[in-house]
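Close look at the chain arrangement
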Amino acid sequence: MIQLLYTVIFAEMALILTLLFKTPLRKLVIMTLDRVKRGRGPVMVKTVGSTVLVVLASSLYSMVKIQRRTVEAGPLNPTDQVLMSKHMLEASLMGFVLFLSLMIDRLHHYIRELRLLRKTMEAAKKQSRGIDEGKNGSAEEVKGLKEEIATLRTKVSKLENEYETKDKEAKAVEAEAEALKKQSEGLLLEYDRLLADNQSLRSQLESIDLSLSNSDGKKST
């Protein structure tokens, strides 16, 4: 389970990095995401997300049960410590998977919005240039054209402002992705530490079992 979650996290991080930089692979990824969001794709994504949420809730519930046992029966025994560490790591990884999925969805949305804004701005600028070149009509036509040019320029200015806003949002998401990369490195270090603790606790359990079996053998003799 934990290895699967790490695989999904690394795949999602690679997908985010692909979306952040202009490469031929980025266009392929965007086309794939467009297809996923059509037809039955959203239903499948929601189903998988709901399943992960249910498993996350189950891990959290198990952690609460172990915590209650500590309150009632005193300090945790080695088995409960191992289980607590396992559930905590799984819950952290599943939450991270859901967060990265949300980031991928938002990045894809912003990229599509930026592409639409660029196309609209180019069309508006071409129309404005065409109107500027055709100013040789009557005074009323010139006045009407000037008004239309002013309207189009206002629209272009508005679109440029929207483009700048979306660009800032995309940069903010890029910075957040970098922060998530650092957080993932921290989780890897924590995972290695938990594995070492798990191995130590298992060795302690084996020693305790061996001592108990030796004491039982002495009693029987």
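Residues numbered from 1 in each chain as written. Predicted model: local features only at pLDDT ≥ 70, side-chain atom pairs only at ≥ 80, totals over all residues. Heavy atoms only, no water.

Considering the overall build of the protein chain
What the protein chain contains, in helices and strands, is five helices and zero strands. Ordered by position from N to C terminus, the α and β elements of the protein chain give α-α-α-α-α. With the C-alpha coordinates aligned to their principal axes, the bounding extent of the protein chain is approximately 120 × 35 × 30 Å. Here the protein chain, with 221 residues, has 28% of them falling under the buried criterion. Summarising the internal contacts of the protein chain: among those between residues at least 6 apart in sequence, 78% fall at separations of at least 24. With an accessible surface of roughly 15100 Å², the protein chain has 59% of that area assigned to carbon and sulfur atoms. Side chains of the protein chain carry 35 positive and 29 negative charges; the gap between the two charge centres is 4 Å. (Helix = DSSP H or I, 4+ residues; strand = E, 2+ residues; numbered from the N terminus. Buried < 20%, exposed > 50% of the residue type's maximum accessible area, 1.4 Å probe, protein only. Contact = heavy atoms within 4.5 Å. Areas by Shrake-Rupley, 256 points an atom, 1.4 Å probe, with all protein chains shown as cover. Lys, Arg positive; Asp, Glu negative; His and termini not counted. Charge placed at Lys NZ, Arg CZ, Asp CG, Glu CD.)

Observations concerning the UniProt feature "transmembrane region" (unreviewed entry) in the protein chain
According to UniProt, the "transmembrane region" (unreviewed entry) feature falls on residues 6–22, 43–64 and 84–104. Helix makes up 100% of residues 43–64 and strand 0%. Its end C-alpha atoms lie 31 Å apart. As annotated, residues 84–104 comprises 100% helix and 0% strand, and the C-alpha atoms at either end are separated by 30 Å. (UniProt positions renumbered as here; feature names shortened; annotations may be inferred.)

Quick notes on the nonpolar core
Ranked by internal contacts, the top residues of the largest apolar core, which has 34 residues, are Tyr 6, Ile 9, Ile 16, Leu 19, Leu 89, Leu 93 and Leu 100. Looking at this core, the elements with two or more residues in it are helix 1 (2–20), helix 2 (24–36), helix 3 (41–73), helix 4 (78–133) and helix 5 (139–220). With 13 residues, helix 4 is the largest single contributor of residues to this core. If we skip the residues at most four places from it in the chain, Ile 9 touches Leu 93, Phe 96, Val 97, Leu 100 and Ser 184. (Core = buried A, V, L, I, M, F, W, Y, C linked by side-chain atoms within 4.5 Å.)

A word on helix 1
Over its 19 residues, helix 1 extends 27 Å from the first C-alpha to the last, a length consistent with the 27 Å expected when each residue adds 1.5 Å. When we look at burial in helix 1, the residues that qualify are Ile 2, Leu 5, Tyr 6, Ile 9, Glu 12, Met 13, Ile 16, Thr 18, Leu 19 and Leu 20. (Expected span 1.5 Å × (residues − 1).)

Considering the packing of helix 1 against helix 2
Direction vectors running N to C along helix 1 and helix 2 enclose 115°, while the axes themselves pass 8 Å from each other. Put simply, helix 1 runs roughly perpendicular to helix 2. Two packed elements cross with a definite hand, and for helix 1 against helix 2 that hand is left-handed. Of the residues in helix 2, those touching helix 1 at Leu 15, Thr 18, Leu 19 and Leu 20 are Leu 25, Arg 26, Val 29, Ile 30 and Leu 33. Broken down by class, the residue content of the contact of helix 1 with helix 2 amounts to seven nonpolar, one polar and one charged. (Axes fitted to C-alpha atoms, helices over the stretch in contact; angles between N-to-C directions. Parallel < 35°, antiparallel > 145°, perpendicular 65-115°, else oblique. Left-handed = near helix turned anticlockwise from the far one by under 90°. Nonpolar A, V, L, I, M, F, W, Y, C, P; charged D, E, K, R; others polar.)

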